Amino acid sequence: MCGIVAYSGKKECSKLIIDGLKKLEYRGYDSAGISLEKDNEIITLKAVGRVENLEKLVKKEEIQSFCAIGHTRWATHGKPCEINSHPHNDCTDTISIVHNGIIENYAPLKAELERKGHIFKSQTDSEVVAHLIEENLKTQDFTHAFCQTIKQVRGAYAIAALYAKEPGKIMAAKNQSPLVLGVAKDGVFLASDVPAFLAHTNKAIFLEDGDIVQIEISTYKIFNTDLKAQPRKVNEVNWDFTTAQKGGYKHFMLKEIYEQPRSAQDTLRTLKGSFEQVFGLTKKEAKKIKGVYLVACGTAYHASLCAKYMLEDFAQIPVEVETASEFKYRKIAFCKDWLFIAVSQSGETADTIAAIKNAKEAGLKVMSVCNVVGSTITRLSDITLYTHCGPEISVASTKAFTSQLVVLYSFALNLALALGRLTQTEFDNLYSSLEKLPELMKEVLSQDSKIKELAKEVFTKKDFIFLGRNSSYPIALEGALKLKEISYLHAEGFAAGEIKHGPIAVIEEGTPVLALVPQGVLEEKMLSNCQEVKARGAQVIMIRDSKEKAKAIHIPFEKEFLFPILSVIALQFFAYYIAVLKGRDVDRPRNLAKSVTVE
Ligand code: AGP
């Protein structure tokens with residue numbers, strides 16, 4: 001999730017771009033760059049780290065420009081460094097591009113361009129766009145060459161480009177990554193999000209997938225790749241800046257809950273390819289895996305517990321899951337042919353780092369599932385699988401959790417295929433369901449207001465119980481963690497079969513019990529657990545995927561193994577609305593930090 005800002009108009013714009021990038025830093029700040037048009041030339045400046053580092057460079061150069069593009073990067077392909085930062089103005093000094101998203105087919109495009117003599121400088125997928133434009137400009141003007149380029153790329157993108165020989169013109173394209181036009185009286189802005197230009201205009205055009213934009217000084221046209229005009233509404237945005245940063249949502253947590261279909265889609269996109277390309281292991285190495293250690297903290301630990309069921313059910317290998325803070329005390333007789341997997345959103349959790357060091361000392365191969373390119377854990381790992389969900393701002397982890405499950409579920413299914421535990425047909429059938437996840441998640445998101453009403457019924461209670469069995473047991477733990485960490489209320493998750501061995505004693509009249517009741521082998525047992533606690537006065541709220549119309553939070557059914565990823569979204573909403581009703585600081589709850597960098 002990067003930030004793009006562009007401008008063409010009557011105002012000197014280097015400061016406009018820099019200020020706009022600063023307002024998009026919540027989208028990523030590994031590095032930043034700007035390309036400024038001046039006297040039919042493009043001058044590009046870049047700096048690693050925060051936008052203020054770029055600002056110092058721009059101030060020193062004092063370049064007067066009226067047309068420019070800028071970018072603040074959240075690394076997805078290639079580590080955070082100057083050569084990988086945008087704008088990409090390296091293939092030729094007359095073309096410069098910035099990109100937010102993932103070009104799915106960049107590898108074959110890059111190979112074809114290299115065969116034609118193009119020399120690539122960076123490790124990014126984005127650079128291929130600049131080379132394609134250069135190639136297409138050999139036979140057509142900038143507008144047509146840009147449209148031709150967009151027809152050639154596949155994936156999610158918001159792209160803006162400059163061509164020095166057509167000064168004052170910016171070409172841009174939008175597909176699945178956000179891009180908004182800001183229409184000011186003295187120029188036109190283009191940005192990933194409204195906050196970038198809100199200080200200059202509140203007239204915003206939210207571009208749609210497939211839109212191409214041509215900006216020339218203070219005018220703009222919107223058309224498709226066949227140059228057919230696309231009429232788009234000019235909206236008056238009445239958000240203040242902070243609300244705009246949250247995309248109009250009240251909290252980052254709610255915004256990030258709603259971003260989950262997009263982050264799951266972006267993560268799934270990067271899991272296509274051969275086993276070795278995606279998971280960094282040859283088939284031969286995969287066949288040698290006799291077991292898996294999964295180590296993490298908090299929400300990432302719950303994701304690891306979910307993965308355990310997937311690996312045991314499908315890959316049929318033994319799995320050991322441990323919290324990182326406990327792992328380091330374990331006197332484990334490590335099995336050398338077990339794979340060690342660390343899961344971490346931030347990549348900076350001290351306990352998990354310590355556990356990885358223990359594993360490396362024991363000679364284990366270390367794989368990590370992480371959201372931050374270049375973080376400590378990724379640098380310690382032999383292999384890193386990235387969750388592509390962009391910066392997760394809210395302390396309570398939501399989109400990172402479901403993206404971790406996407407990665408781990410994909411790994412489990414692919415490992416099962418590699419080990420011959422699944423036939424290709426069985427794998428294809430299961431994986432096609434996994435790829436339906438973004439659409440299925442949207443159906444759960446539509447339960448938002450119903451869950452808000454349920455939260456209103458119970459937010460004054462003092463104790464909350466969450467029950468689940470098998471692969472839903474980790475979701476019971478995660479639901480309890482979400483609630484306690486942002487509402488400060490007491491909440492506990494239990495394996496439902498365990499409540500008769502003690503925990504049922506805490507049930508009183510009106511105690512809310514959230515029960516995860518997937519259809520299939522677990523359903524009958526879970527329903528009887530619900531009866532047991534109801535008989536003792538509990539107020540049971542079921543999360544179900546069956547067609548039963550009984551009072552419950554209904555989520556869609558696709559395959560049993562997807563119930564944990566879908567049901568957790570309902571519990572995220574539940575925790576969120578209770579915390580809001582309790583008047584808590586949802587995004588920055590007391591006593592907590594987004595990344596626990598101390599042991
Ligand atoms: C989750 O909502 C919490 N913020 C916390 O448990 C978190 O998951 C844990 O600290 C691990 O962080 P990591 O994924 O960045 O390693």
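Residues numbered from 1 in each chain as written. Predicted model: local features only at pLDDT ≥ 70, side-chain atom pairs only at ≥ 80, totals over all residues. Heavy atoms only, no water.

(A) Quick peek at the site of the ligand. The full set close to the ligand counts 15 residues, and S344, Q345, S346, T349 and E485 are the nearest of them. Within the backbone of T299, one N or O atom sits 3.1 Å away from an oxygen atom of the ligand. Take S397: an N or O atom from its main chain is 2.8 Å from an oxygen atom of the ligand. Alone, the ligand offers 410 Å² of accessible surface; in the complex the protein occludes 91% of this. Only α11 (298-315) and α19 (473-487) provide two or more residues apiece to the shell around the ligand. Along the lines of polarity and charge, the residues of the shell around the ligand split into 6 nonpolar, 7 polar and 2 charged. (Near = heavy atom within 4 Å. Polar contact = N/O pair within 3.5 Å; in protein donor to acceptor, adjacent residues only side chain to side chain. Areas by Shrake-Rupley, 256 points an atom, 1.4 Å probe, with all protein chains shown as cover. Helix = DSSP H or I, 4+ residues; strand = E, 2+ residues; numbered from the N terminus. Nonpolar A, V, L, I, M, F, W, Y, C, P; charged D, E, K, R; others polar.)

(B) Quick look at the sheet that holds strand β16 (residues 338-344). Pairing in this open sheet of 5 strands is parallel, and the strands run β15-β14-β16-β17-β18 from one edge to the other. The outermost strands of the open sheet, each flanked by one partner alone, are β15 (319-323) and β18 (383-386). Averaged over all adjacent pairs, the angle separating strand axes in this sheet is 20°, with direction ignored. For strand β14 (residues 291-296) and β15, the ladder comprises 5 bridges, and the chain directions are parallel. Considered in β15, the bridge of A296 is made with T323. (Pairing = 2+ DSSP bridges. Axes fitted to C-alpha atoms, helices over the stretch in contact; angles between N-to-C directions.)

(C) Just the side chain of K46, in detail. Locating K46 in the fold gives a position in strand β3 (residues 41-48). Polar contacts involving the side chain of K46 include one to the main-chain carbonyl oxygen of S85, which spans 2.8 Å. Within polar-contact distance, the side chain of K46 engages the backbone oxygen of P87 at 3.1 Å. If near-sequence neighbours (up to four positions away) are discounted, K46 is found in contact with A32, G33, L54, L57, E82, I83, S85, H86, P87 and D90. (Contact = heavy atoms within 4.5 Å.)

(D) Just the packing of aromatic side chains, in detail. Overall, the coordinates contain 19 aromatic pairs when judged by the stated rule. With 5.4 Å between their ring centres and 85° between their planes, Y293 and F334 make a pair best called edge-to-face. Placement of Y293 in strand β14 and of F334 in the loop between α12 (324-327) and β16 is noted, with a sequence separation of 41 residues between them. For Y293, a relative accessible area of 2% puts it in the buried group. The class for F334 is partly exposed, based on a relative accessible area of 22%. Both rings, one in F466 and one in F574, keep their centres 6.5 Å apart while their planes meet at 80°; by these two values the pair is edge-to-face. Taken together, the residues F466 in strand β19 (residues 463-468) and F574 in helix α21 (residues 563-581) connect sequence positions 108 residues apart. Grouping residues by exposure puts F466 and F574 together as buried. Chaining the aromatic ring pairs together yields one cluster made of Y249, Y258, F573, Y576 and Y577. (Phe/Tyr/Trp six-rings, centres within 6.5 Å; stacked < 30°, edge-to-face > 60°. Buried < 20%, exposed > 50% of the residue type's maximum accessible area, 1.4 Å probe, protein only.)

(E) The arrangement of a positive patch on the surface in detail. A surface patch of like charges, here positive, comprises K284, K288, K290 and R421. Along the chain, K284 falls in helix α10 (residues 283-287). The class for K284 is exposed, based on a relative accessible area of 61%. (Patch = residues over 30% accessible without salt bridge, like charges linked within 9 Å, V, L, I, M, F, W, Y side chains within 5 Å. Salt bridge = Lys/Arg side-chain N within 4 Å of Asp/Glu carboxyl O. Lys, Arg positive; Asp, Glu negative; His and termini not counted. Charge placed at Lys NZ, Arg CZ, Asp CG, Glu CD.)

(F) Inspection of the packing of helix α15 (residues 399-418) against α21 at higher detail. Where α15 contacts α21, the two axes come as close as 10 Å, and the packing angle between them is 175°. In terms of orientation, α15 lies roughly antiparallel with respect to α21. Mapping the contact onto sequence places F401, T402, L405 and Y409 in α15 and P564, I565, V568 and Q572 in α21. Residue composition of the contact of α15 with α21, by class: 6 nonpolar, 2 polar and no charged. (Parallel < 35°, antiparallel > 145°, perpendicular 65-115°, else oblique.)

(G) Quick peek at unusual backbone geometry. Cis geometry marks the peptide bond from H86 to P87, where omega comes out at 5°. You can see P87 is positioned in the loop between β4 (67-73) and β5 (95-103). The phi torsion at N40 lies on the positive side, around 60°, for a residue other than glycine. In this structure, N40 sits in the loop between β2 (31-38) and β3. The backbone of E62 shows a phi angle near 50°, a positive value even though the residue is not glycine. Within the secondary structure, E62 sits in the loop between α2 (51-61) and β4.

(H) Structural context of the pattern of salt bridges. Under the criterion given, the structure shown has 31 salt bridges. Across the pair R269 and E104 runs a salt bridge, and its minimum N-O distance is 2.8 Å. Remark: E104 occurs in the loop between β5 and α3 (106-115) and R269 occurs in helix α8 (residues 260-269); sequence separation between them is 165 residues. The class for R269 is buried, based on a relative accessible area of 7%.

(I) Broad picture of the sheet that holds β19. Pairing within the open sheet is parallel, and its 5 strands lie in the order β20-β19-β21-β22-β23. Of all strands in the sheet, those bounded by a partner on one side alone are β20 (490-495) and β23 (553-554). Lying on the sheet, helix α20 (residues 523-534) is in contact with β19, β21 (512-517) and β22 (539-544); it crosses β21 at an angle near 170°.

(J) Representation of the packing of α11 against α15 within the structure. Across the interface, α11 lies against α15 with an axial gap of 9 Å and an inter-helix angle of 20°. The angle between α11 and α15 falls in the class roughly parallel. For the pair α11 and α15, the sense of crossing is right-handed. Of α15, the residues touching α11 (which contributes T299, A300, H302, A303, C306, A307, M310, L311, F314 and A315) are F401, Q404, L405, L408, Y409, F411, A412, L413, L415 and A416. Looking at side-chain class alone, the contact of α11 with α15 contains 17 nonpolar, 3 polar and no charged residues. (Left-handed = near helix turned anticlockwise from the far one by under 90°.)

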